[in-house]
Amino acid sequence: MKELWVKIREALVSALPITLIVYLVSLLPGFSFNTQEMVGFAVGAVLLVLGIGFFNLGADIAMTPMGTHVGAGLSRQKKLWLLLSVCFVLGMLITIAEPDLQVLANQVSSVMNGKLLVYVVGFGVGTFLLFAIMRIVFKKRLSSLLMLFYMLLFALALMLAVNDNTDLLPMAFDSGGVTTGPITVPFIMALGVGISSVLGDRHSQENSFGLVALCSIGPILAVLVLGIFADNDLSYTVNYGSQGSDVLGAYLENAGHVAKEVAVALGLIVLFFLLCQVFFLKLPKRQLVKIGTGVVFTYLGLVLFLTGVNVGYMPMGYKMGLQMSLLHPALLVGLALVMGILVVLAEPAIHVLNTQVEEVTGGYVKKKSMMIGLCFGVGAAIALSVVRIIFDFSLVYYIVPGYFISLALSLFVPPVYTAIAFDSGGVASGPMTSGFILPFAVGVCVVLQGENAVLRDGFGVVALVAMAPLITIQLLGFKAIVSNKIKERQAMQRILQADDEQIINFM
């Protein structure tokens, strides 16, 4: 309970800024939110804080240890086919049950079959989890694989352009961002740590990261392939419900749906873990009880968090977008920048990532520097998304240069920074981005460009949020290189100066 209280207190500090900005915006002239909306948002904020607290505690004592034990246990079997087969099935099952993906599928259900999208994305994640595992097994450099697959990705994007299906590009890149959500990130990252600890070499620090990075590519490629065969007539219908007058009823109804979805998601992971326990893990009973307790905390946290986002934050984000779009464009972009910085603080998986990064790198990469880089990178991404909506231009003008810069930086920075950066891209675009920022962008687009342009201009914000950390964190690595070289040069100069003084004193 003491640890839980610490986690809840940390969650309160994280969620308070975005909650305050909503209430401050509601005080501005021209903004109108009724009592039910404000009460519903307040309830959502409370659920958000409790959810993040329970989830972070559960991730620490259950999800991360489960992934580490499974990865290490499979690797010790020395059977590559078993490792790859289990990881493929695991990647598919976890992705299909990922709540973040369900949120996106519900929002695009008017464009294509939501279940088809979920299964296609699940297959993409499972396939690229195989590539991620083989990279660790065969000691391949992550940056080389990223360049190969992103070149393939851009080629498919050009095929979409030829077929005049470019409206699906933003949704495809958003799919890559939402796939790595609060359930998959702790488990997949810990899976990489476990496999790397057994099969890794002197580059095991780098190899322990990168699974999330590669798994984020699979959904993009899968949806792009799906888009090539899709009809050209794509219509999007905006559907963001509100709590209405019965706030409590809306929360209870949504909590029931979320509880079932999260139960399926965690149930698949727990079932998989129990099978591994029976066949080769053989963990002691005390450790299993601790992991079971963590699973309960994780379940409660996700139900509370996602219910608060779905009922309190999603309708409020959409309405804020509708009303803030009437402001001066410069003020709108500035507020979007601030919202982006604050939203990162409320993403539950971000805190898990930052802790794992600091532990694996032995404190070389600090949690504070990671958080600062992610905040400003995501803030800039959301501001640029609003700029794109205002001026109505294609997402390609951001995505192509952005990924080329990211891949170019990977040639100059330490490999561990590249792996961490591409993992952070998938983690930063979590449920707060898809559940609050995406509806906000849709609301802005509806007013400035019309409902028919939502699929083209409103979507894509999750993709930019996922891309921003790729540049900012690798720039941290570049800065570290420059700082180390300056320190080495200064140290050499001091040594030479000391030698000169000794010679002068001798003479």
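Residues numbered from 1 in each chain as written. Predicted model: local features only at pLDDT ≥ 70, side-chain atom pairs only at ≥ 80, totals over all residues. Heavy atoms only, no water.

K.L.:
Could you give an account of the side chain of serine 385, naming the residues involved and the relevant values?
P.N.:
Tracing the backbone shows serine 385 in helix H15 (residues 367-391). When its relative accessible area of 6% is taken as the criterion, serine 385 is described as buried. Look past the residues within four positions of serine 385 in its chain and what remains in contact with it is Val461 and Leu464. (Helix = DSSP H or I, 4+ residues; strand = E, 2+ residues; numbered from the N terminus. Buried < 20%, exposed > 50% of the residue type's maximum accessible area, 1.4 Å probe, protein only. Contact = heavy atoms within 4.5 Å.)

K.L.:
I'd love a proper account of the nonpolar core, names of residues and values included.
P.N.:
Met320, Met324 and Phe436 are the most contacted members of the largest nonpolar core, which has 161 residues in total. Looking at this core element by element, the count peaks at 15 residues for helix H2 (residues 35-76). Membership of the second largest hydrophobic core comes to 5 residues, among which are Leu47, Val247, Ala250 and Val311. (Core = buried A, V, L, I, M, F, W, Y, C linked by side-chain atoms within 4.5 Å.)

K.L.:
Summarise helix H16 (residues 396-409); cite the residues concerned and give the values.
P.N.:
Taking 1.5 Å per residue, 14 residues should reach 20 Å; H16 reaches 20 Å between its end C-alpha atoms and fits that length. Where H16 is concerned, the buried positions are Tyr398, Ile399, Gly402, Tyr403, Ser406, Leu407 and Leu409. Each buried residue of H16 sits inside an arc of 155° when the element is viewed along its axis, so together they form one side. (Expected span 1.5 Å × (residues − 1). Arc of directions from axis to C-beta.)

K.L.:
Summarise a nonpolar patch on the surface; cite the residues concerned and give the values.
P.N.:
Together, Leu411, Phe412, Leu475, Phe478, Val482 and Ile486 line one region of the surface with nonpolar side chains, adding up to about 570 Å² of accessible area. For valine 482, the location among the structural elements is in helix H20 (residues 461-506). The partly exposed category is assigned to valine 482, whose relative accessible area is 35%. (Patch = residues over 30% accessible without salt bridge, like charges linked within 9 Å, V, L, I, M, F, W, Y side chains within 5 Å. Areas by Shrake-Rupley, 256 points an atom, 1.4 Å probe, with all protein chains shown as cover. Salt bridge = Lys/Arg side-chain N within 4 Å of Asp/Glu carboxyl O.)

K.L.:
Describe unusual backbone geometry, and please don't skip the residues or the numbers.
P.N.:
A positive phi angle is found at lysine 282, which is not glycine, with a value near 55°. Among the secondary structure elements, lysine 282 is positioned in the loop between helix H11 (247-281) and helix H12 (285-324). Phi is positive for aspartate 392, which is not a glycine, with a value near 55°. With respect to the helices and strands, aspartate 392 occurs in the loop between H15 and H16. Its relative accessible area of 32% is what places aspartate 392 among the partly exposed residues.

K.L.:
Tell me about the environment of threonine 184, and name the residues and values.
P.N.:
On the secondary structure map, threonine 184 appears in helix H8 (residues 184-199). Linking threonine 184 and valine 427, residues 243 residues apart in sequence, is a C-alpha distance of 9.6 Å. In contact with threonine 184, other than residues within four places in its own chain, are Ile94, Glu98 and Thr179.

K.L.:
Let's hear about the environment of isoleucine 389: which residues, and what values?
P.N.:
One can find isoleucine 389 in helix H15. Taking relative accessible area as the criterion, isoleucine 389 reaches 1% and is therefore assigned buried. Note: C-alpha distance between isoleucine 389 and valine 461 (72 residues apart in sequence) is 10.0 Å. Look past the residues within four positions of isoleucine 389 in its chain and what remains in contact with it is Ala441, Val444, Cys445, Leu448, Gln449 and Asp457.

K.L.:
Report on the pattern of salt bridges, specifying residues and quantitative values.
P.N.:
Considering all chains together, one arrives at 5 salt bridges under this definition. For aspartate 60, the salt bridge is made with lysine 7, and the minimal N-O distance between the two is 2.6 Å. Of the two residues, aspartate 60 sits in helix H2 while lysine 7 sits in helix H1 (residues 2-26), which places them 53 residues apart along the sequence. Aspartate 60 sits in the partly exposed class, given a relative accessible area of 37%. Here arginine 388 makes a salt bridge to aspartate 457, at a shortest N to O gap of 3.7 Å.

K.L.:
So what's going on with the confidence of the model for the protein? Which residues, and what values?
P.N.:
Chain-level pLDDT for the protein is 81 on average; 86% of the residues reach the 70-or-more range. Across the protein, the secondary-structure element scoring lowest on mean pLDDT is helix H9 (residues 204-207), at 58, and the one scoring highest is H12, at 89. (pLDDT = per-residue confidence, 0-100.)

K.L.:
Would you mind going over the packing of helix H13 (residues 329-345) against helix H18 (residues 431-448) in detail, with residue names and values included?
P.N.:
Close contact between H13 and H18 brings their axes to 11 Å; oriented N to C, the two are set at 170°. Taken together, the axes of H13 and H18 are roughly antiparallel relative to one another. Of the residues in H18, those in contact with Leu332, Ala336, Met339 and Val343 of H13 are Met432, Thr433, Phe436, Ile437, Phe440, Val444 and Leu448. Here the residues of the contact of H13 with H18 are counted per class, giving 10 nonpolar, 1 polar and no charged. (Axes fitted to C-alpha atoms, helices over the stretch in contact; angles between N-to-C directions. Parallel < 35°, antiparallel > 145°, perpendicular 65-115°, else oblique. Nonpolar A, V, L, I, M, F, W, Y, C, P; charged D, E, K, R; others polar.)

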